[in-house]
Amino acid sequence: MTEAAPTLTKRSDPAPIAFDNSYARLPANFFTRIEPTPVTAPRLIKFNRPLAVEMGLDADALERDGAAIFSGNRLLPGSEPIAMAYAGHQFGQFVPQLGDGRAILLGEVVRPDGERRDIQLKGSGQTPWSRRGDGRAALGPVLREYIVSEAMHALGIPTTRALAAVTTGQPVYRETILPGAIFTRVAASHIRVGTFQYFAARGDTDSIRVLADHVIGRHYPELAGTDGRHLKLVDAVAERQARLIARWLGVGFIHGVMNTDNMAVSGETIDFGPCAFMDVYDPRTVFSSIDQMGRYAYGNQPLIGQWNIARFAETLLPLIHETPDEAVDLANDAVTRFMERFQEHWKTVIRAKLGLSEHEEDEDTDLIRAFLALLHAQKADFTLAFRRLSDAAADEGADEGADAAFAALLDDPLAAAPWLIRWRARALRDNRSPGERAAAMRSVNPAFIPRNHKVEEALAAATEDGDFSLFEALNGVLSRPYEDQPAFAAYATPPKPGEEVLQTFCGT
Ligand code: AMP
Ligand code: MG
């Protein structure tokens with residue numbers, strides 16, 4: 001909770017972060033060099049010490065000087081701050097120039113395990129890409145990204161992470177006046193489908209080749225130097241996105257703005273704007289206030305993933321094959337394979353959620369479909385349905401209490417029995433004890449997700465009253481999502497009538 005002078009100071013002490021900045025060594029047209037704009041009264045409100053340690057950073061120094069460092073007021077030695085160039089399709093419309101308008105990459109570090117990570121400030125002031133924006137972020141969206149990205153990580157889903165959050169002491173002007181804040185994001189990289197599109201839109205094939213080789217070296221080293229690596233890169237990115245989206249669906253996550261500038265080629269979840277977790281199961285669920293057509297609805301995410309992969313493949317066409325028609329055919333096949341890959345990953349996710357082992361039977365597909373249809377028709381809470389089913393799995397002879405707890409989630413509890421009977425009969429043919437099955441199910445069906453009403457409650461307390469206790473409590477609960485935490489039962493329950501959050505908003 002230290003305050004720092006609003007001036008940029010460069011220090012010569014041993015660096016708490018050993019930067020090694022590979023992106024800043026790329027050609028000058030990939031970014032703009034720009035320093036964060038100092039803020040008047042930074043306060044460190046959250047520091048992710050375990051993440052700092054995992055990254056091999058000097059956690060003590062960062063915690064002590066966090067207000068100055070994570071506000072951008074003090075630049076550390078070795079940092080080469082840049083704003084990255086990118087373009088993107090926003091809700092299907094191509095924008096040839098977006099770029100980091102309110103984010104600045106401080107640099108990269110190589111973790112003790114050899115993995116490279118970006119450290120980026122979001123909300124650190126204007127850049128040449130800001131257009132009409134102020135380059136700032138409000139406290140609410142900063143805390144939201146903190147909570148949800150860390151929750152995703154705890155759920156085991158690839159995601160960017162939260163290293164720190166500071167308040168700036170300065171207001172930001174949106175529809176209302178809000179407290180300003182800066183978020184420190186850690187990512188495998190911030191290279192997006194839109195980064196490739198930026199160069200493709202300029203017909204700059206040389207830059208695409210350089211970018212592709214950088215991405216391969218960083219995220220897909222097994223492809224380095226191989227023949228046909230650009231087509232292989234499309235497949236490799238498609239594979240990670242297919243797996244990622246299957247994992248999102250498994251926990252009821254709705255990204256909300258799957259624009260191509262918000263899809264990382266590393267396969268991490270990135271940009272937590274109007275994202276939300278579904279309570280009642282309905283594939284058409286949309287929360288984002290700006291998604292009026294439901295383009296980014298829960299059940300539409302695989303199709304949008306494929307659409308984005310098609311946009312990615314297009315940028316690589318000149319490198320895929322010298323004959324344009326041949327390149328298009330090859331790229332099209334890769335785009336088609338995306339959906340096959342997604343189906344495979346989704347099958348893995350949903351089978352595990354239902355406690356079905358590797359041994360597949362013909363009627364499994366129908367059993368899965370029937371379960372989802374039951375949840376939909378009966379307006380059941382998605383997360384609780386799978387968690388209660390995990391409890392019911394513990395007893396092969398139908399534990400009446402556990403079965404009743406599942407049935408109670410349905411509009412008509414009597415509708416549960418026929419499906420449960422089928423499921424139990426099927427489970428008997430799997431070579432697993434009920435105890436093993438229940439434990440396996442509990443390890444993939446979370447008890448806790450960041451429920452919208454709990455997230456909003458924590459954000460309101462922090463932004464309106466300066467009370468961060470709910471934010472802290474929510475983070476704590478969500479760090480162990482697969483454990484029953486009886487003391488925090490209130491965080492597991494769906495919103496009561498009147499508590500539902502109907503819309504979420506972008507943090508811009
Ligand atoms: P987002 O919707 O947050 O992914 O942002 C889309 C684009 O708008 C990116 O180029 C951002 O850098 C830019 N942007 C969003 N908010 C701001 C802001 N407050 N100031 C400047 N640029 C912004
Ligand atoms: Mg974005």
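One can find the structure itself at the top, above this paragraph.
Residues numbered from 1 in each chain as written. Chains lettered and ligands numbered in written order. Predicted model: local features only at pLDDT ≥ 70, side-chain atom pairs only at ≥ 80, totals over all residues. Heavy atoms only, no water.

Q: Would you explain the coordination of the magnesium ion (ligand 2) in this entry?
A: Reference values for coordination geometry: four tetrahedral donors around a metal ideally subtend 109.5 degrees, six octahedral donors ideally subtend 90 or 180 degrees. The protein atoms donating to the magnesium ion (ligand 2) are Asn262 (OD1) and Asp271 (OD), with metal-donor distances spanning 1.9 to 2.1 Å. For Asn262, a relative accessible area of 11% corresponds to the buried category. (Donors = N, O, S within 2.8 Å, 3.2 Å for Na, K, Ca; no water. Buried < 20%, exposed > 50% of the residue type's maximum accessible area, 1.4 Å probe, protein only.)

Q: Even after reading the chapter, I still don't get the pairing of strand E12 (residues 177-187), so can you show me in this structure?
A: A regular strand places its side chains on the two faces of the sheet in alternate fashion. When you tally the buried positions in E12, you get eight out of 11 residues, the bulk of the element. Here strand E9 (residues 116-122) runs beside E12; their pairing, made up of five bridges, is antiparallel. Paired with Ile119 across the two strands is Val186, which belongs to E12. By the bridge criterion, nine bridges tie strand E11 (residues 161-173) to E12 in an arrangement that is antiparallel. Residue pairing in the sheet places Ala164 in a bridge with Thr184 of E12. (Helix = DSSP H or I, 4+ residues; strand = E, 2+ residues; numbered from the N terminus. Pairing = 2+ DSSP bridges.)

Q: Teacher, can you tell me more about the site of ligand 1 here?
A: Neighbouring ligand 1 are 18 residues, the closest being Gly99, Gly101, Arg131, Asp134 and Gly135. Between ligand 1 and Arg131 there is a distance of 3.0 Å, counted from an oxygen atom to a side-chain nitrogen or oxygen. The contact in question runs from an oxygen atom of ligand 1 to an N or O atom on the side chain of Asn262, over 3.2 Å. Summarising the interface, the protein chains cover 86% of the accessible area of ligand 1, which totals 480 Å² for the free molecule. When the residues that make up the shell around ligand 1 are grouped by side-chain class, the tally is two nonpolar, eight polar and eight charged. (Near = heavy atom within 4 Å. Polar contact = N/O pair within 3.5 Å; in protein donor to acceptor, adjacent residues only side chain to side chain. Areas by Shrake-Rupley, 256 points an atom, 1.4 Å probe, with all protein chains shown as cover. Nonpolar A, V, L, I, M, F, W, Y, C, P; charged D, E, K, R; others polar.)

Q: I would appreciate a short explanation of the side chain of Ser22 in the present structure.
A: Considering the arrangement of structural elements, one finds Ser22 in the loop between strand E1 (9-10) and strand E2 (31-33). Overall, the relative accessible area of 13% leaves Ser22 in the buried class. Reaching out from Ser22, the side chain makes a polar contact with the side chain of Glu108 at a distance of 2.5 Å.

Q: Would you mind showing me how to read the pairing of strand E3 (residues 43-47) here?
A: Counting buried positions along E3 yields four of five residues, so the element is predominantly enclosed. The pairing of E3 with E11 spans four bridges and is classified as antiparallel. Opposite Leu44, over in E11, you have Val166 as the bridge partner.

Q: Sorry if this is basic, but what is going on with the side chain of His255 here?
A: Relative to the assigned elements, His255 resides in the loop between strand E13 (253-254) and strand E14 (276-277). The exposure class assigned to His255 is buried, which follows from its relative accessible area of 1%. Engagement of the side chain of His255 in a polar contact is seen with the backbone nitrogen of Val257, the distance being 3.1 Å. At a separation of 3.2 Å, a polar atom in the side chain of His255 contacts the main-chain carbonyl oxygen of Asp271. His255 has contacts with Trp248, Asn262, Thr269, Ile270, Asp271, Pro274, Cys275 and Gln301, leaving out every residue within four places of it along the chain. (Contact = heavy atoms within 4.5 Å.)

Function cannot be inferred from these measures alone, as they are strictly geometric.
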